[in-house]
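Reading the structure
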Amino acid sequence: MPRIAVVGAGYWGPNLVRNFQGHKDCTELWVCDQSKARLDQMRTRFPGLKYTESYDEVLKSNVDGVVLATPVSTHYELARRALERGKHVFVEKPLASSAEHAKDLVSRAEAAKRTLMVGHTFLYSPPVLKVKDLIAKGELGRIFFVTTMRVNLGLHQKDVSVIWDLAPHDFSILFYWLGERPSVITATGKAFVVSGIHDVAFISAEFPSGTIAHLEVSWLAPSKLRRTAIVGDKKMAVYDDTEAIEKVKIFDRGVDFKDPETFGEFQLSYRTGDIWSPKLAQSEPLALEAGDFLKAISDGTTPKSDGLMGLRVVEALAAAQKSLEQGGVPIKL
Ligand SMILES: NC(=O)c1ccc[n+]([C@@H]2O[C@H](COP(=O)([O-])OP(=O)(O)OC[C@H]3O[C@@H](n4cnc5c(N)ncnc54)[C@H](O)[C@@H]3O)[C@@H](O)[C@H]2O)c1
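The paragraphs below set out a description of the structure included in this document. Every residue gets a number counted from 1 within its own chain, in the order that chain's sequence is written. The model is predicted, so local features are restricted to residues of pLDDT at least 70 and side-chain atom pairs to those at 80 or more, both for listing and for counting; the totals for chains, interfaces and linings are taken over all residues.

This part takes up the sheet that holds strand β2 (residues 28-32). Strand pairing follows a simple DSSP-based rule, namely that at least 2 bridges must link the two strands. Under the DSSP-based scheme used, a helix requires at least four consecutive residues in state H or I and a strand at least two consecutive residues in state E, with every element numbered from the N terminus. Spatial ordering of the open sheet is given by β3-β2-β1-β4-β5-β6, a layout of six strands whose pairing is parallel. In the strand order of this sheet, the two ends are held by β3 (50-52) and β6 (116-119), each with one partner. Strand after strand, the sheet turns through a mean of 20 degrees between neighbouring axes, direction not considered. In this structure, strand β1 (residues 3-7) lies alongside strand β4 (residues 65-68), joined through four bridges in parallel fashion. The residue of β4 that forms the bridge with V7 is L68. Across the sheet, helix α8 (residues 285-299) touches β4, β5 (88-92) and β6, and the angle it forms with β6 is around 175 degrees. Whenever a helix is involved, its axis is fitted only over the stretch in contact; in every case the axis is a line through C-alpha atoms, and angles between N-to-C directions fall within 0 to 180 degrees. The contact criterion used here is simple: two residues whose C-beta atoms, placed from the backbone, lie within 7 Å are in contact.

This is the structure:
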């Protein structure tokens, strides 16, 4: 039964603490934050756990797995040190702030035979799982394109652009759904509020199968939108994470192309059939994510959101950031 330490108890860390604390397979839970004030707040909220301000103490302890919910710029260093001490590591998204660092962590984890997992929470989210199922069963047919909007009047990050903050969600979802990684990425964007930190970006991705995708991510928007449209040659679907109940809707809509057998004109017939919303499981993604990490530590299984997924996402983020900084030139992966 694994012993776990959650490191970083700022905005996101407490959610992870709550889910590991509530999991039957987690025998012992530590919370580590270099800020005493944060630790004091956590002690009041979650009594009975082990608390420390020192990451060294965590590394020297007998905890089996370290969960990093610290700022992105610290991920590589903290994860590398944990792997060196033989710990299994869960890193919040994105895995690292460069593809080189992400690659290095993946090879270190492989060499040390330790689990490296990345907090791509949406891979455990019931609507995302439902869309994956629809695509895998061929319900939507061949996927022509996907468009996503992840915008809000959001919290500006100090150390990364909006691409590194929000696009990990959309890239991880896309790679999971499509089962492939992009061959070309282009992006444009601007840093309107804080110089040098882009707060809006428009990203395009092309996949080897011919599917294309467009991602809009922004911390500057009048309202919160979390909307993804998936257009296939059989059906279309919309996944709207801001909807309370009907988060996924399937539209029996499309255009059928009739090739003329002679030299006549081609014909298009438009289908506008039923719209339905499938029933979704009620599970909390973070609880499933915590369970996947605990299981990987106990049984040696590969978590769904593994280091390789983390690396693929970081490669895509780096390509998008590079394209944006070079005025939107296409970057091959
Ligand atoms: N999966 C998701 O949906 C999701 C959502 C939000 C944030 N995140 C990710 O979570 C991570 C943390 O983001 P946040 O918004 O909570 O950041 P934050 O700045 O609010 O919190 C980070 C905490 O880490 C602590 N810390 C920093 N270095 C440390 C060290 N060496 N040892 C111990 N403690 C240290 C800080 O004191 C702080 O309390 C980021 O990677 C972010 O991308 C994920």
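This paragraph deals with the site of the ligand. Taken together, 23 residues form the shell around the ligand, and within it G8, G10, Y11, W12 and E92 come nearest. Any residue that is not Ala, Val, Leu, Ile, Met, Phe, Trp, Tyr, Cys, Pro, Asp, Glu, Lys or Arg is counted as polar, Gly included; the first ten are nonpolar and the last four charged. Taken together, the residues that form the shell around the ligand break down as 10 nonpolar, nine polar and four charged. Placing the C-beta atom from the backbone, one calls a residue near a molecule or strand if that atom lies within 6 Å of it.

Three or more residues of helix α1 (residues 13-21) are buried, namely G13, L16, V17, N19 and F20. Turning to α1, the residues buried within the fold contact β1, β2, α2 (36-45), β4 and α8. A residue is called partly exposed when the number of other C-beta atoms within 10 Å of its own lies between 12 and 20, exposed at 12 or fewer, and buried at 20 or more, with C-beta atoms placed from the backbone.

The subject of this paragraph is the sheet that holds strand β8 (residues 184-190). If you walk across this open sheet you meet the nine strands as β14-β13-β12-β11-β7-β10-β9-β8-β15, and the pairing is mixed. The open sheet is flanked by β14 (267-276) and β15 (331-332), the only strands paired with a single partner. As judged from the seven bridges shared by strand β7 (residues 143-151) and strand β10 (residues 212-218), these two strands associate in the parallel manner. Considered in β10, the bridge of V151 is made with S218. Contacting β8, β9 (200-206) and β15, helix α9 (residues 307-325) runs over the sheet at an angle of about 55 degrees to β8.

Let us look at the pairing of β2. Across the five residues of β2, four count as buried, placing the element largely inside the fold. In the sheet, β1 pairs with β2 via five bridges, with the strands oriented parallel. Its bridge partner lying in β2, R3 is registered against E28. The handedness rule is simple: strands pointing away from the viewer, and a clockwise path from the first strand over the helix to the second, make the crossover right-handed. What joins β1 to β2 is α1, and the crossover it makes is right-handed. Pairing between β2 and β3: three bridges, direction parallel. Residue pairing in the sheet places C32 in a bridge with T52 of β3. Chirality of the crossover, the property in question, places the unit of β2, α2 and β3 among those that are right-handed.

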